[in-house]
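Residue-level structure breakdown
Chain by chain, the residues:
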Amino acid sequence: MGTDSLVQETTRTFYNGPEKTKWQRLKEGVQWYRPGTTTAEKKMLFKLDCAILVFGCLSSFSKTLDNSSLTNAYVSGMQRDLNLGGNDLNYLTAVYYASYLSFMIPGSFLLTRLPIQRVLPTMEILWGVCTFGCAWAHSLRDLYVCRFFLGACETVAFTGLIYVIGSWYLREEMGVRVALFNISGPLGSMFAGYLQTATYTRLQGRHGIEGWRWLFIVCFCITIPCALIGYVFFPNSPNNTKPTFWLSQEEIDLANKRLQEEGIRKIDKKIKWKELIRVLKDWPWYFFVFGWCLYDQNQYFSTTPFSLYLKNTKSVKYTIPQVNNYPTVPKAVSIVTTILGCYYSDKTGDRFTPCLIATVLNVVAAAILLGWNVSEGWRLFAFFVSGISSSMNPFQMSWASDVVKEDPEARSLITASMNCIGQVFLAWVPIFTFPIPQAPRFTRGFTFSLITSILHVLLVILIFVLERRDLRSGKRFKKIAHYRGQVLEQESVEALDDSTKEKAI
């Protein structure tokens, strides 16, 4: 098959039939299953949703809950009881991320060498144990140790869950499911505030234990059942999963058949140097990685700085329950905008509009807080609106996958680099931009957030322009055709080898 024929075939694959309007795509997107899904597929997908999404969402929920509990505990008595001060809270966060990044490569090694359905629940158990240890910390050193091991335990969670979701579902089925997985994090952060309020008001002093310690104990009790669910129901990838009481061999075969029919390519587990060099010669790696670093910084001031503002501001005296409950509002904003934005972008293919709206609103929020001399209502409004920046996670990750969807090696390297490099900067930059002693007015941090938000707006526009340029020139379809030509050639060689072996036998 020639290159021109492959280009035409590829164009038909992505644009089969007359072009539909955005409104038509949105109306079709009301259905949970894609059009043409058989009864057998729906039954299998329902089982997978119950197994993968339930454990994945509970895992993300519990981890964000436990992580957010550190800030909630800090403003609810832990600072006083453990004699914390200065930038100790920021340093505890830095230790966590340093451990997370240090164990990322060993964690990835575990995922490739051991069954994922055993690795993830086991790390969930260890995570719960480390969270329980925070309840009995009596010094800053004790907290450092617990935070270090918490970071090590989380290193496989996100990567493993996204890998399994991508292994079982077709591209048309992934968007809404990844969105559900992403909103479970903000839900956990929201719940942490309400949980701290409940434990502070009802368990403070119970059995001689402070309320903030009870928060970590309750988090431990929530985490362990999540891990047990994973041990029973969470599957491995389709080609390595054995039949169980809830998933038959016929359904496993059906899952593999669906993936083969969609044209899922085999990706070489070992990324070669020439592939890395090829990816680094193109613009997507630089722009999406830089955009993710900006996203990590832009969403930060709606988290810990907001809690510290409520605790230390002199303009209004906020109670402990208010200090814990008000920071849940940005999380609610993030949840709503994530659902609406992912639904819109998945059904219309428009990643640019949600990203642009989120970044522009973040500019407005940072500008209000930098100006400072406004009413208390405007300050709260700015902190609340800044929660929309957290919804950028699925938008940007999906956009990056779309731009290089013809190149699985590039997609793997770009998405991994986005997560890793972004976390590197998030580990230490807030120590200097939002130092704890500056609370409640973080002039340096708000200035930094305004600059990065403006840069993010410009970057989103630039990515949009470059993507449209590649589409107009046909560069994307040529890449897809070139890659499919390589796949067909490789499959022919493999088929020839199989035929030769059969003749020999």
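Residues numbered from 1 in each chain as written. Predicted model: local features only at pLDDT ≥ 70, side-chain atom pairs only at ≥ 80, totals over all residues. Heavy atoms only, no water.

Quick notes on the pattern of salt bridges
Summed over the entire model, instances satisfying the criterion amount to 9 salt bridges. Put simply, Glu 124 and Lys 63 hold a salt bridge, and the shortest N to O gap is 2.3 Å. With Glu 124 in helix H6 (residues 116–134) and Lys 63 in helix H3 (residues 39–81), the pair connects residues that are 61 residues apart, well separated along the chain. When the shortest N-O distance is used, the salt bridge between Arg 469 and Asp 470 registers 3.2 Å. Using a relative accessible area of 11% as the deciding quantity, one classes Asp 470 as buried. (Salt bridge = Lys/Arg side-chain N within 4 Å of Asp/Glu carboxyl O. Helix = DSSP H or I, 4+ residues; strand = E, 2+ residues; numbered from the N terminus. Buried < 20%, exposed > 50% of the residue type's maximum accessible area, 1.4 Å probe, protein only.)

What about a nonpolar patch on the surface?
A surface patch of nonpolar side chains, about 450 Å² in accessible area, is lined by Phe 290, Ile 451, Ile 454, Leu 455 and Leu 458. For the nonpolar patch, the element with the highest residue contribution is helix H21 (residues 443–473), accounting for 4 residues. (Patch = residues over 30% accessible without salt bridge, like charges linked within 9 Å, V, L, I, M, F, W, Y side chains within 5 Å. Areas by Shrake-Rupley, 256 points an atom, 1.4 Å probe, with all protein chains shown as cover.)

Here's the deal with unusual backbone geometry
Following Ala 439, the chain continues into Pro 440 via a peptide bond in cis, with omega recorded as 10°. Residue Asn 83 is not a glycine yet carries a positive backbone phi of 55°. In this fold, Asn 83 is placed in the loop between H3 and helix H4 (88–102). One non-glycine residue, His 207, lies in the positive phi region at around 60°. Positionally, His 207 belongs in the loop between helix H9 (171–202) and helix H10 (211–233).

Section: helix H8 (residues 157–168)
Along its 12 residues, H8 runs 17 Å from first to last C-alpha, staying within 8% of the 16 Å computed at 1.5 Å per residue. Within H8 the residues assigned to the buried category are Ala 157, Gly 160, Leu 161, Val 164, Ile 165, Ser 167 and Trp 168. The buried residues of H8 occupy one face: seen down the axis, they fall within an arc of 165°. (Expected span 1.5 Å × (residues − 1). Arc of directions from axis to C-beta.)

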